[in-house]
Amino acid sequence: MTSSGKQLHLNLFIYPDGHHEAAWRHPDSETDRILDISYYQELAQRAEAAKFDAVFFADGPSLAENIQYAARFRLEPITVMTAIVAATERIGVIGTASTTYTEPYNLARQLSALDHLSKGRAGWNIVTTGAANAALNFGLDAHPLHRDRYERAEEYVDVITKLWDSWEDDAVVADRESGIFADPGKIHRVDHVGKHFRVAGPLNAPRSPQGRPVYVQAGSSEDGRAFAARWAEAIFTAHQTLGSAQEFYADIKHRAQAQGRDPRGLKVLPGISPFIGSTAKEAEDLHQQLNDLTQPGYSLAQLNRLTGVDLSAYDLDGPFPREVIDADEERSEGSRFQLVLDIVEREDPTLRQLCHRLAGARGHRVFTGTPDQVADTIQDWAEHGAADGFNVMPPWLPGGIEVFIDEVVPILRRRGLFRTEYTGRTLRDHLGLARPASQYAPRPTKETA
Ligand SMILES: Cc1cc2nc3c(=O)[nH]c(=O)nc-3n(C[C@H](O)[C@H](O)[C@H](O)COP(=O)(O)O)c2cc1C
């Protein structure tokens, strides 16, 4: 139990072979299995046995430029999650879907089905899609501007929420005697007409066990924060320092309160990618071992995408060419760019050192240490207003999560910081989130409340 008496939430953030960009070259990685569903089912079963809240899958509807050097392909998350819920009982499944490159009615059906089939374990990571090259796969010449993507996202979530609410919880009657299956009076058209969408509804499936999937979001820019304060129930975020995590945490909780929301109904989960050794030196060596396997071609391509500048002509062992960066230029991933600049300002790294700083987890926090040191830093952030839990990002898989579960989770439990048993069945139960009522259902009166 933290000083504020809360228990932490832990997600396993699954990237095919792990989060370090050279993970697939790690001798213990299982690269030959990353297109085999049993690989993902086993990872989820492992995390479930450790009583994690959820497994999480990122996504983007386009191929990353640097596939040459790393297993950065994407299996469509909802398909993978459906296979995972068939092989698990309690663990939540959170998947990413874009509000820019999908249609609300289709996604409403997919996630409603997943929530039904998982008996209430679905979560949706709402992104506007950072990868600009996705536009070319959807008949567009250019990626919509950041603010336009968020404007569409706002209307998108409004529409899809209406669709998930369009059946009241007791609309299904299923009375064989009378032959009545559903009460049409409790199934509502949504008749949404807006700038981006026109949707009649209702959804063509009953309301799911959680009412709606858990709304997760991962933006950190001004637009991202405003959107999160309005809709998000869990927020994934990337921070290098306690200070920036505390600022984000306080700001997002304050914004939610300003929206009339209870700040406890919004869980903040920074990412942490832990290199764990029996000594700090051993952990450092593990980190260096993977950094030594990086390929400048990959690292620079990632830096180019984040900074919007081609840095491949610069001396890798020279200073980061601060002068070529136009800080005011529109960038598809505003907050991640700022994070890179903060590292440059704070640490004055060479290009190679910066590439290695980002190689671990694309700007999320990489931590090297003993199991106690990892538990200490997790407790520190949780007890100092920086986190309600963490997205655990194993540098390589499956080994990187096995050592965290075997070595760190028992310490967190001894300190009363993490559950020993699930107390509920749904993802909302695990996260301590209320089940939302349908906006079309009659408000409970004193008598019916
Ligand atoms: C933990 C985490 C996971 C993310 N997953 C995705 C993803 O799967 N797909 C995607 O396009 N962007 C993803 N992003 C990027 C965000 O959606 C967003 O573009 C980025 O954080 C920039 O924030 P902004 O939109 O507020 O500028 C992720 C970010 C974080 C912190």
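What you see is a predicted model; the values in this text were computed from it and never measured.

1. A closer look at the overall build of the chain
Then comes step 1: When helices and strands are counted, the chain shows 13 helices and 13 strands.
Then comes step 2: Over its C-alpha trace the chain gives a radius of gyration of 22 Å, about what one expects of a compact globule, namely 22 Å for 449 residues.
Then comes step 3: Projected onto the principal axes, the alpha-carbon positions of the chain cover approximately 75 × 55 × 45 Å.
Then comes step 4: Relative to its 449 residues, the chain shows a buried fraction of 56%.

2. A word on the pairing of strand β10 (residues 234-237)
Then comes step 1: Judged by which residues are buried, β10 turns out to be covered on both faces: Ala234 and Phe236 on one side and Ile235 and Thr237 on the other are all buried.
Then comes step 2: The sheet contact formed by strand β9 (residues 214-217) and β10 spans two bridges and is parallel. Directly across from valine 216, in β10, lies its bridge partner alanine 234.
Then comes step 3: As for the winding sense of the linkage, the β-α-β connection from β9 through helix α5 (residues 222-231) to β10 is right-handed.
Then comes step 4: By the bridge criterion, four bridges tie β10 to strand β11 (residues 267-276) in an arrangement that is parallel. Counted as the bridge partner of alanine 234 is lysine 267 from β11.

3. A word on the pattern of salt bridges
Then comes step 1: The final tally for this structure, using the stated rule, is 29 salt bridges.
Then comes step 2: The partner of arginine 352 in a salt bridge is aspartate 317, and the shortest N-O contact between them spans 2.7 Å. Placement of arginine 352 in helix α10 (residues 351-359) and of aspartate 317 in the loop between α8 (296-307) and α9 (334-347) is noted, with a sequence separation of 35 residues between them.
Then comes step 3: Among the residues examined, arginine 352 registers a relative accessible area of 33% and is labelled partly exposed.
Then comes step 4: For aspartate 376, the salt bridge goes to arginine 415, with nearest N and O atoms at 2.8 Å. Of this pair, aspartate 376 sits in helix α11 (residues 371-383) while arginine 415 is found in the loop between α12 (399-414) and α13 (427-431), placing the two residues 39 residues apart along the sequence.
Then comes step 5: A relative accessible area of 36% means that aspartate 376 is categorised as partly exposed.
Then comes step 6: Under the relative-accessibility criterion, arginine 415 is labelled partly exposed at 26%.

4. What to know about the pairing of strand β3 (residues 92-98)
Then comes step 1: Within β3, seven of the seven residues are buried, which leaves the element mostly enclosed by the surrounding structure.
Then comes step 2: The alternating pattern of β3 places Gly92, Ile94, Thr96 and Ser98 and Val93, Gly95 and Ala97 on opposite faces, both of which are buried.
Then comes step 3: Here strand β2 (residues 54-57) runs beside β3; their pairing, made up of four bridges, is parallel. Across the sheet, residue phenylalanine 57 finds its bridge partner in β3, namely glycine 95.
Then comes step 4: For the crossover that starts at β2, traverses helix α2 (residues 77-85) and ends in the parallel β3, the hand is right-handed.
Then comes step 5: Where β3 and strand β4 (residues 122-127) come together, six bridges link them in parallel fashion. From the neighbouring strand, isoleucine 94 faces β4, where its bridge partner is glycine 123.
Then comes step 6: With respect to chirality, the unit in which β3 leads through helix α3 (residues 104-117) into the neighbouring parallel β4 is right-handed.

5. Some remarks on the layout of surface pockets
Then comes step 1: Approximately 280 Å³ is the volume attributed to the second largest pocket.
Then comes step 2: Along the walls of the second largest pocket sit Arg212, Tyr215, Arg230, Trp231, Glu233, Arg261, Asp262, Gly265, Arg428, Ala434, Arg435 and Pro436, which together make up its complete lining.
Then comes step 3: Of the residues assigned to the lining of the second largest pocket, the class counts are four nonpolar, one polar and seven charged.

6. Observations concerning the site of the ligand
Then comes step 1: Among the 24 residues in the neighbourhood of the ligand, the closest are listed as Asp59, His146, Tyr150, Ala218 and Ser221.
Then comes step 2: Listing elements by their share of the shell around the ligand, those giving two or more residues are β4, α4 (146-165), β10 and α9.
Then comes step 3: The dominant element in the shell around the ligand, judged by the number of residues it contributes, is α9, at three residues.
Then comes step 4: In terms of residue class, the shell around the ligand is built from seven nonpolar, 14 polar and three charged.

7. Regarding the environment of proline 444
Then comes step 1: Here proline 444 is to be found in the segment after α13.
Then comes step 2: Take proline 444: its relative accessible area is 56%, and that puts it in the exposed class.
Then comes step 3: Distance in space between the C-alpha atoms of proline 444 and histidine 116 is 25 Å, their sequence separation being 328 residues.

8. Regarding α11
Then comes step 1: With 13 residues, α11 ought to run about 18 Å at 1.5 Å a step, and its terminal C-alpha atoms sit 18 Å apart, in line with that.
Then comes step 2: When α11 is considered as a whole, its buried residues turn out to be Pro371, Val374, Ala375, Thr377, Ile378, Gln379, Trp381 and Ala382.
Then comes step 3: Where α11 is buried, its residues contact α6 (242-258), β11, β12 (365-369), β13 (389-392) and α12.
Then comes step 4: Glycine 385, located one to two residues past α11, shows a positive phi value of around 65 degrees.

9. Overview of the environment of histidine 287
Then comes step 1: Here histidine 287 is to be found in helix α7 (residues 280-291).
Then comes step 2: Taking the C-alpha atoms as reference points, histidine 287 and histidine 20, 267 residues apart in sequence, are found 9.2 Å from one another.
Then comes step 3: Those residues in contact with histidine 287 that lie beyond four places of it in its chain are Phe275, Val366 and Thr368.

Thresholds applied
Residues numbered from 1 in each chain as written. Predicted model: local features only at pLDDT ≥ 70, side-chain atom pairs only at ≥ 80, totals over all residues. Heavy atoms only, no water. Helix = DSSP H or I, 4+ residues; strand = E, 2+ residues; numbered from the N terminus. Rg over C-alpha atoms; globule rule 2.2 N^0.38 Å. Buried < 20%, exposed > 50% of the residue type's maximum accessible area, 1.4 Å probe, protein only. Pairing = 2+ DSSP bridges. Right-handed = clockwise from strand over helix to strand, strands pointing away. Salt bridge = Lys/Arg side-chain N within 4 Å of Asp/Glu carboxyl O. 1 Å grid on protein atoms, 1.4 Å probe; cavity = no way out; pocket = protein on both sides within 12 Å on 5 of 7 lines; lining within 4 Å. Points joined across faces, edges and corners; volume = space filled by probe spheres on them. Nonpolar A, V, L, I, M, F, W, Y, C, P; charged D, E, K, R; others polar. Near = heavy atom within 4 Å. Expected span 1.5 Å × (residues − 1). Contact = heavy atoms within 4.5 Å.

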